[in-house]
Structures are given as structure tokens and as C-alpha cells.
Amino acid sequence: MNKTVDNKITKKDLTKMSWRYILGSQLNWNYERMMSSGYLYAILPALKKIYGDKPEQYKDMMETHNQFFNTNANFGNLILGIDIAIEEQDGYESKETIVALKTALMGSLAGVGDSLFHVIWGTIFGSIAASLAQQGSSAGVIMWIVANMILMYGRSLLLPLGYRQGVKLVTTLKDKLTSFTNAATVLGITVIGALIPTVVRATVPYVYENQGVELVLQDTVDAIMPGLVPAALVGLTYWMLGRKGLNSTRVIWIILILSIVLRSLNILA
Amino acid sequence: MQLEFFQILLLTIFSFWAINDSLISNTLTQPVIAGFITGLIMGDTTIGLMVGGTLQLMQLGIAAFGGASIPDYFTGAVIGTVFAIISGEGAEFGIGLAVPVSLLMLQLDVVARLGNVFLLHRVDAAIEKMQDKKIPGLVLAGSIFWGLSRALPIFLMLVVGDSVVITITENIPMWLMNGLKTAGGVLPVVGVAILLRYMPTKSYLPYLLIGFFLAAYLNIPMLGISMIGLVASLFVYNSDNNKSVNGQGNVQTATQGTFEGGFDGDE
């Protein structure tokens, strides 16, 4: 252990690196090594402080941190914090540990991070914003923008948190995250259920006429269950998505063409 | 209505900025937000919200795939909003137009991601020569590729599209116009259905039905239903935590497995 490198990294450095990661983690996203250089960009100030006076080590660590890296960007801040703490403590000797740690953490945090921050977060705020927007209200949009700003600030705190708590944080976090993800999924799925009759605008305009008797088909449908047509359309699309050879792009084209055909036959409007 | 030069300029700058933000706070390229801001620039936020809102619903499920190229609903939202306003045909027409645009722009990401490989190799070279001061600039320069991947097509479509769209709207047959409008109302099913496939819906079916019936029969607004969903999720959170405290097996339910298995939408 190299005593001379201890405590070189200040609180200010940590904040700075956290925001560097938020800014740059994905700007250089590429097919070869994905988020590699974003990580290098963020950790560079720490590398300079820890290895700055040993050019060979400095160069080697820069290369190490420019290798393949891909995780959920929010949790990337946490990994970075843990990494910095270990490198500051053990210096160049920790190189192999760091490589193993980054690989292990990026995989396990990517899955849970993407489902939490992309799917569920996006579903809840996106559903609310979109359904309010369809009624001409911008309230949901404003809510989402504010929520994302708060999320970004929260993300900036993850790096100092990882730095202070180290690896043991990930194990304690994992159990909590699973319950949290389950709970968030419940909220997300409730919202999706409500979306179906709210935002899918489809009715049956067909009117059956026979000897002065007029039957408005939509009234019958509503009597059976409001939102029946949207629910049936969701069911149909759900089924189509499960078919082999039908990906989401093809399904969109099918729905587009189907709508035009059924509209001209006066079955759907 | 004609497009003013300053509007084209603002929209181009906005699209450059927004696509970079999608890699930072992931806010401005959300179709509903992009539609709203485009509406602000064009002077009609209602149409922007309606076009963006519908595309948002289509995107819901698709937002899930990290590296995969997905339909570019952001560009669709900007273009759809602009043309809905200048053609005077309303939001549903804009949506009908935005969907093909989104699908055709699907490959824009690829351009940026390939351009960035070039920058990555410059970073490698900088490390080799120990020019560490060059690294930040090279990494951040990725924003130019990202920015241009949207700003350029949107600029071109706005410059050329003005007259094209007016010609189209004047000559489009009624059945097609009405069909596109119907499609605008129906298309959100795609996003919803993809989400249902992607999420562990089968394990949580009762919650889906609660949400559906509350909205269908009682017409409770979305925010109210979210609050009820929040209460349900608190129950689940507490019972899950108790389970793990009591050591009754792991709470590793369907969530983990289904999410990682995922649904392979686009290739």
C-alpha cells in the first residue's frame, strides 16, 4: 500500500468527476467499446492524481479504463465511485481487481438499472405526460422534466456514495433493489392498464339500418364493456408481437395499413 | 402557414441539443417533450402535445432496448408537429406523417455510433503518446456526430418539406387522409403491447386489470390511477421486504428473469 497517495482525492474532485460522467458517459458511445472512453474521461482527474508522477503506470491505467464498458448510465456513477476508492487506497496493485470489479458490476447493475430507469421510469412518467398531452395539457411534460432534473442530481450523489461505502454497498443494495423493482413494476403495470382505454382512440362507426330500425354498433359495444375496442386491439397487437417473423417495426406497418383499410370500410374510426 | 427562417434555425439547434441530452438526462428527445417544445417554437403547443403524446405512447415499450436502433420517434415528433401546424390539417394528420418518418429515420443512430469509433481510436492514439489533455476534447467531440445525425436530416426536411407537404395535403385522397387520422388514434396500441410483452405482465395481471377497469368504468384520470398504483406498490414493497427478512426464499420473482430475457423487438 502506498501511503503517499492516500486522501489525495477531495470531495470537490468527486463531485467534479460525477458530473463529468453524467455529461460524457455516452457521448462517445460506439460499436467497438461502447461506453469505454466516457468512463476514461470521467476518471481522468483521479488517475492524474493517483498515478501522475509515474508515467508508465499512468499510461497503463488510461489504457485499462478505455476498454469495453457498458452499463446503465445512472449506476455507472456508483461503479466509478467504488473504483476510485479502491484505486486511491491500493494504487497500481489494484489493477486486476478493478478490471474484474468493473466487469462484474456493469453486468449486474445494467439489468436492474435499465428496467428501473428506462422501462419503469419512462412508462410511469411517459404514460402520465402522454395521456395529459392528448387532452392538450402540458402539466405531465413539466412534471417529467422536473423529475428528470431531480433524478440527475440524485445520480450525481451516487459517485460519492460509492466512494464512501465501497463494494459492500452493492450487496446490501441488491436485495432492496429487487423489492423496489417489484414495487415499481406494480405501479408501472397499473398505469399501463389505465392507458389502454384512455389513450387508444378507436370506435366502431358502423350503423346497422334495417326497415327503420337503427342499431349503433358502438352503443352495443359500450354496453358490454367500455374500452372493449381498445382492449381488443391491444390483445391483437400483443398476439402479433409473439408471432415469429413479426418484429415491432412490421407490426407498426401492419397497424398503419389495417387502420387505413378498416377506416375506408367504415368499421373502425 | 409558412415556415419562418428563424423557426427552421431554432428547430435545427434544438434537435442538435436534444439528441445529445438523450445521452445525458434523457429528457428532450422524449417525443411528448419534443413535441411540446416544437409546438412552442411553432406557436401551437396543443398540436405539439397531441402529436408528441401519441408518439410517446408508441415508444413506451421500445425505450427498453439500450444499444439497439429503434424507430426515431423524436425526429417524427418534431417533423410531425411542424407539418401538422403548417398544413393546417391537425394533429392526427401530423401523427400519420410522423410514423413513417420515424421508421425511415431508424438508422440515424448508426451513423453517430460509427463516427464515434473513429474518435475512440484517436483516444487510443492520445494515450499512446501520453497526450492526456487531448482526451476530454476527443470524448466530448462525439456530441458533434450525435448532433448532426438529427440536426442535418431535420434541417433538410424542413427546408424541402415545406412545399412538398403542401402539395401532398392538397392532393391526398380523402380515404387516405381519414385512414391516417384513424391510424393516429390506434397506433398507441403498439407501444402498450410491447410493454406488456416486455414487463412481467403475467405475474402482475391483477394490477393491469385494476388500472384498466378504474379508467374504463370510473374514468379516473391518469394521475389518480397512478396514486392508487403507488399504494398498491407500497403494499408489495412491504410484503417483499418482510419476506426477505424472514428468510422465506428470495424475492427474486419473475421481474428479473423476464426483464433480462426481454422481448426482441428490432434487429
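What you see is a predicted model, and the numbers here were worked out from it, not measured in a lab. (Residues numbered from 1 in each chain as written. Chains lettered and ligands numbered in written order. Predicted model: local features only at pLDDT ≥ 70, side-chain atom pairs only at ≥ 80, totals over all residues. Heavy atoms only, no water.)

### Observations regarding the side chain of B:D240
Mapping B:D240 onto the fold places it in helix α12 (residues 222-245). Under the relative-accessibility criterion, B:D240 is labelled buried at 4%. (Helix = DSSP H or I, 4+ residues; strand = E, 2+ residues; numbered from the N terminus. Buried < 20%, exposed > 50% of the residue type's maximum accessible area, 1.4 Å probe, protein only.)

### Topic: the environment of B:F74
All names here are of chain B. Secondary-structure assignment places F74 in helix α4 (residues 73-87). A C-alpha to C-alpha distance of 13 Å links F74 and G94, two positions 20 residues apart in sequence. In contact with F74, other than residues within four places in its own chain, are F14, S15, A18, L28, T29, A34, R150 and I154. (Contact = heavy atoms within 4.5 Å.)

### Details of the packing of helix α5 (residues 95-134) of chain A against helix α6 (residues 139-165) of chain A
All names here are of chain A. Contact geometry of α5 with α6 gives a least axis separation of 7 Å together with a crossing angle of 155°. Here α5 is positioned roughly antiparallel relative to α6, judged by the angle of their axes. Facing F117, W121, G122, F125, G126, I128, A129 and L132 of α5, the residues of α6 in contact are A139, G140, V141, M143, W144, A147, N148 and L151. Of the residues assigned to the contact of α5 with α6, the class counts are 12 nonpolar, four polar and no charged. (Axes fitted to C-alpha atoms, helices over the stretch in contact; angles between N-to-C directions. Parallel < 35°, antiparallel > 145°, perpendicular 65-115°, else oblique. Nonpolar A, V, L, I, M, F, W, Y, C, P; charged D, E, K, R; others polar.)

### Observations regarding the packing of helix α1 (residues 11-24) of chain A against α6(A)
Residue and element names in this part refer to chain A. Interhelical geometry of α1 versus α6 gives an angle of 130° and a closest axis separation of 9 Å. In this view, α1 runs oblique relative to α6, as classed from their interaxial angle. The way α1 lies across α6 gives a crossing that is right-handed. Contact residues: L14, M17, S18, W19, Y21 and I22 in α1; M152, Y153, R155, S156, L159, P160 and Y163 in α6. (Left-handed = near helix turned anticlockwise from the far one by under 90°.)

### Focus on the UniProt feature "transmembrane region" (unreviewed entry) in chain B
Residue and element names in this part refer to chain B. Here the UniProt-annotated "transmembrane region" (unreviewed entry) positions come out as residues 28-51, 63-87, 93-114, 135-160, 172-196 and 208-237. Annotation note: span residues 93-114, helix share 86%, strand share 0%, distance between end C-alpha atoms 34 Å. End C-alpha atoms of residues 172-196 are separated by 36 Å, and the span's content is 88% helix alongside 0% strand. (UniProt positions renumbered as here; feature names shortened; annotations may be inferred.)

### Things to note about the pattern of salt bridges
Should their charged atoms come close, side chains of opposite charge can pair. Within the structure shown, the criterion is met by nine salt bridges over all chains. A salt bridge links A:K49 to A:D13; the shortest N-O distance between them is 2.7 Å. In this pair, A:K49 sits in helix α2 (residues 36-51) while A:D13 sits in helix α1, placing the two residues 36 residues apart along the sequence. When its relative accessible area of 32% is taken as the criterion, A:K49 is described as partly exposed. A:R201 is the salt-bridge partner of B:E92, the closest N and O atoms lying 2.9 Å from each other. With one member in each of two chains, B:E92 in helix α5 (residues 91-104) and A:R201 in the loop between α7 (168-199) and β1 (207-210) form a pair that bridges those chains. (Salt bridge = Lys/Arg side-chain N within 4 Å of Asp/Glu carboxyl O.)

### Quick word on the confidence of the model for chain A
Here chain A shows a mean pLDDT of 88. Residues at 70 or above account for 97%. Here residues 1-6 of chain A is modelled with pLDDT under 50, and outside its nearest four sequence neighbours on either side it reaches eight contacts, counting other chains as well. (pLDDT = per-residue confidence, 0-100.)

### Details of the packing of aromatic side chains
Evaluated as defined, the whole model comprises 10 aromatic pairs over all chains. Ring geometry for A:F180 against B:Y237: centres 6.4 Å apart, planes inclined by 90°, an arrangement best described as edge-to-face. Here A:F180 is found in helix α7, whereas its partner B:Y237 is found in helix α12 on a different chain. Between B:F212 and B:F213, the aromatic rings sit 5.5 Å apart at their centres with planes inclined by 75°, giving edge-to-face as the arrangement. Here B:F212 falls in the buried class, since its relative accessible area comes to 6%. The class of B:F213 is partly exposed, set by a relative accessible area of 36%. The structure contains a cluster of three or more aromatic residues connected by ring pairs, namely A:Y21, A:Y39 and A:F69. Seen from the ring of A:W29, B:R113 lies directly overhead, with NZ or CZ sitting 4.3 Å from the centre. (Phe/Tyr/Trp six-rings, centres within 6.5 Å; stacked < 30°, edge-to-face > 60°. Lys NZ or Arg CZ within 6 Å of the ring centre and 35° of its normal.)

### Re the confidence of the model for chain B
Close inspection of predicted coordinates is inappropriate in any region flagged by low pLDDT. All names here are of chain B. Summing up the model confidence of chain B, the mean pLDDT is 84 and the portion of residues at 70 or higher is 88%. Averaged pLDDT values for the elements of chain B fall to 40 in helix α13 (residues 254-261) and rise to 97 in helix α2 (residues 31-42). Low confidence marks residues 248-267, where pLDDT is under 50. Its contacts with residues over four positions away, or in another chain, come to 44 contacts. For this predicted complex, the interface score ipTM comes out at 0.83, while the overall pTM is 0.84.

### Side note on the interface of chain B and chain A
On the chain A side, the residues contacting the 108 residues of chain B number 104 residues. The contact between chain B and chain A buries some 9,400 Å² in all, and 73% of this surface belongs to carbon and sulfur atoms. Our count for the chain B to chain A interface comes out at four salt bridges. Between the two partners, chain B and chain A, sit 22 residue pairs in polar contact (both at pLDDT 80 or more). Split into classes, the residues belonging to the side of chain B that touches chain A amount to 66 nonpolar, 31 polar and 11 charged. (Buried area = accessible area lost by both parts, 1.4 Å probe. Polar contact = N/O pair within 3.5 Å; in protein donor to acceptor, adjacent residues only side chain to side chain.)

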